[in-house]
Amino acid sequence: MIPAYQPVTDPLGHQWLSALVATIPILVMLVTLGGLRWKAHIAGLTSWAVALVIAVAVYAMPVTTALSLSAHGFVYGLFPIVWILLCAIWMYQVTVISGRFDDLRATFYLITDDPRVLGLIIAFCFGGLLEALAGFGAPVAIVTVMLVAIGFSPIRAAITALLANTVPVAFGAVGLPILMAAKTADLPVLAVSPVAGRICAILSLVVPLLLLYVIDGKRGVAQCWPIGLFIGGIFGVVKWVVSGTSLYNLTEVFAAVITVVAVVAFLRVWHPKGGEGARPRVGQALVPEVEEAHLRGGADGHGGTATATAQKTAPATTGTELRTDHLDGRRILMALVPYVLVIAVFSIAAIPAVKEALASTDLKFAWPGLSDLDNAAGAPAGHRAYTLTWLSSPGTLLAFVAIAVGLIYKVPMGTLFGELWKNAVKLKYTALTIGSVVALAFVMGDSGQTLALGLFIAGVGAAYPFFAPILGWIGTYVTGSDTSANILFSGLQAGVGDQIGHKELLVGAGAAGGVVGKMISPQSLAVAASAIGIAGAESVILRKVFGYSILLLFFMCLITGLMSTPVLGWLLP
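All of these numbers come straight from a predicted model, not from anything done at the bench.

Another point: the packing of aromatic side chains. All chains considered together, the criterion is met by 8 aromatic pairs. Between the aromatic rings of Trp-90 and Phe-417, the centroid separation amounts to 5.6 Å while the plane-to-plane angle is 50°, which identifies the pairing as tilted. Of the two residues, Trp-90 sits in helix H4 (residues 63–97) while Phe-417 sits in helix H19 (residues 413–426), which places them 327 residues apart along the sequence. Take Trp-90: its relative accessible area is 1%, and that puts it in the buried class. Here Phe-417 falls in the partly exposed class, since its relative accessible area comes to 38%. In this structure an aromatic cluster arises from ring pairing among Phe-230, Phe-266 and Trp-270.

Moving on: the pattern of salt bridges. Applying the stated criterion across every chain yields a total of 8 salt bridges. When the shortest N-O distance is used, the salt bridge between Asp-374 and Arg-384 registers 2.6 Å. Here the residue Asp-374 occupies a position in the loop between strand E1 (363–366) and strand E2 (385–388), and Arg-384 occupies one in the loop between E1 and E2, the gap between them amounting to 10 residues. Using a relative accessible area of 14% as the deciding quantity, one classes Asp-374 as buried. Exposure remark for Arg-384: the relative accessible area of 22% places this residue in the partly exposed category. Notably, a salt bridge pairs Lys-503 with Asp-498, separated by 3.3 Å at the nearest N-O pair. Overall, the relative accessible area of 56% leaves Asp-498 in the exposed class. Through salt bridges with shared partners, one network takes in Asp-114, Arg-116, Asp-216 and Arg-281.

Spanning 12 residues, helix H7 (residues 138–149) covers 17 Å between terminal C-alpha atoms, matching the ideal 16 Å at 1.5 Å per step. For H7, a buried count of 12 out of 12 residues is recorded, marking the element as mostly surrounded by other parts of the structure. Every buried residue of H7 is listed here: Ala-138, Pro-139, Val-140, Ala-141, Ile-142, Val-143, Thr-144, Val-145, Met-146, Leu-147, Val-148 and Ala-149. Phi turns positive, to about 110°, at Gly-151, one or two residues after H7.

Our focus in this paragraph is the packing of helix H10 (residues 189–203) against helix H26 (residues 538–563). In the contact formed by H10 and H26, the axes pass within 11 Å of each other and the chain directions differ by 130°. When the axis of H10 is compared with that of H26, the two are oblique. When you trace H10 past H26, the crossing you get is right-handed. Contact residues: H10 offers Ile-199, Ile-202 and Leu-203, while H26 offers Leu-552, Phe-555, Met-556, Ile-559, Thr-560 and Met-563.

This part covers the environment of Leu-250. Counting through the fold element by element, Leu-250 comes out in the loop between helix H11 (207–242) and helix H12 (251–266). Note: C-alpha distance between Leu-250 and Met-334 (84 residues apart in sequence) is 28 Å.

On the surface, a nonpolar cluster with roughly 450 Å² of combined accessible area is contributed by Leu-27, Val-31, Leu-36, Trp-38 and Ile-42. Position of Trp-38 among the secondary structure elements: in the loop between helix H2 (24–35) and helix H3 (40–57). Judged by relative accessible area, Trp-38 falls into the partly exposed class, the value being 34%.

A few words on helix H6 (residues 115–133). Across its 19 residues, H6 extends 25 Å between first and last C-alpha, which sits within 8% of the 27 Å expected from 1.5 Å per residue. Maximal helix bending in H6 amounts to about 30°, located at Gly-127. Within H6, 19 of the 19 residues are buried, which leaves the element mostly enclosed by the surrounding structure.

Thresholds applied
- Residues numbered from 1 in each chain as written.
- Predicted model: local features only at pLDDT ≥ 70, side-chain atom pairs only at ≥ 80, totals over all residues.
- Heavy atoms only, no water.
- Phe/Tyr/Trp six-rings, centres within 6.5 Å; stacked < 30°, edge-to-face > 60°.
- Helix = DSSP H or I, 4+ residues; strand = E, 2+ residues; numbered from the N terminus.
- Buried < 20%, exposed > 50% of the residue type's maximum accessible area, 1.4 Å probe, protein only.
- Salt bridge = Lys/Arg side-chain N within 4 Å of Asp/Glu carboxyl O.
- Expected span 1.5 Å × (residues − 1).
- Axes fitted to C-alpha atoms, helices over the stretch in contact; angles between N-to-C directions.
- Parallel < 35°, antiparallel > 145°, perpendicular 65-115°, else oblique.
- Left-handed = near helix turned anticlockwise from the far one by under 90°.
- Contact = heavy atoms within 4.5 Å.
- Patch = residues over 30% accessible without salt bridge, like charges linked within 9 Å, V, L, I, M, F, W, Y side chains within 5 Å.
- Areas by Shrake-Rupley, 256 points an atom, 1.4 Å probe, with all protein chains shown as cover.
- Bend = angle between axes of the 7 residues up to and from the residue.

If you want it as structure tokens, here you go:
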């Protein structure tokens, strides 16, 4: 019989020392992936093994419990996470094999012929809408391939998608992260959501400008800053307002849709300069030794997703060759069918009655070997059971969309499902990466390692509001989910708030902090690398996005800290 296990948060008798040991798996991941440039699946497995050894040797978790927990995490990584990624890429691949790909690209250019503005609309606005409706990696996967479709180089597209997938995350998946933050902290959701909404609203003023820099450097910022500020401003204002209402769970839906409508109107009176010259620059490889080998046909033998095809047929670098005159209403509608269906299907699935009906089909069963696993409070741990969300999973909904698009486009069923199998094979290393990273997150969380880190950071006392977002950042980096990070740390944030005040601010700041940890999460990196079809690109992408994550985290910590003082205290609801 496996003995009952309750995680300990200070096994070494000194919180700083226990926390220091708990950072080792995180540092191993960062060093092996970002520094030593190991392949992501090797780095993930190594980091998991280190976490497992620490859980057993330092945090006294039974070996059988640690192994069973790891298996649970690995399976969860495969389903629903890898399943969502696979179906997102499959759905996009249907547009390629159907021959509708060129029409889709040309349709984007009806909005504007400036790829930098299109990048903002697709990554920030449409990506925000996808995050609001689906989450779980689908926005990064879909946005990345769409950006390549309009001429972005693969690595640039991946970085843009990851950086844009920040502001909407706190209210993603129809408000689930915020709901769980409030529930875990035992606070009314409307005490937490406006705080997180306002912090992220301020962040939305900065992210579009950083996106312009990623897309086209200083020239992009200099020539397009008005549209960047306009998009960030509209998005932020809507987020600020809606997050404080009973419709908080639709914050990102309202923000994304209203911003797109406003941008279309704005572009009627203002036009950026230099769009034609920007096209060759956005298509220029950021890391030639990685991207050019891929575009020559996937030298490593593991690439070749739809994005490879997209890049090879990307818009030419001269404006005269970007033709849209062949488009009519029917061709435009057919080109947009996949994304109209995504919005429609996920909107319907978000209706409470429909959502409840889909969830009623979930299959929940006890995971072997974890029947006596408790959390830090002594209550049954959530990982005692595994829930198979076979019908309610965003991946399954995307699969329905892919099949529907295939029928509409008259793709033979053999070809349609053949593409699903081809992409499943190509994702084998990504599946190994994501599975091992989720296993690591499960072991670190249920052994007490992650909480030990949080308790150490919380020990700074009255200055803690300046550090509160860091817990969300760490939690989302480790787990790959702002929702999971909130479940992990919101109770701790609330406890510190009871001692030093600012309880709602701390819980909201933790939820907001997770959004800037999402872009460097190994899960997100694996999704982005798979979407561009370059196996092993995770280390390259991490080095490119890590600085942005740290910069935004510092900015968020500063804003949160000042909100606990009279300087910015007036921003609180």
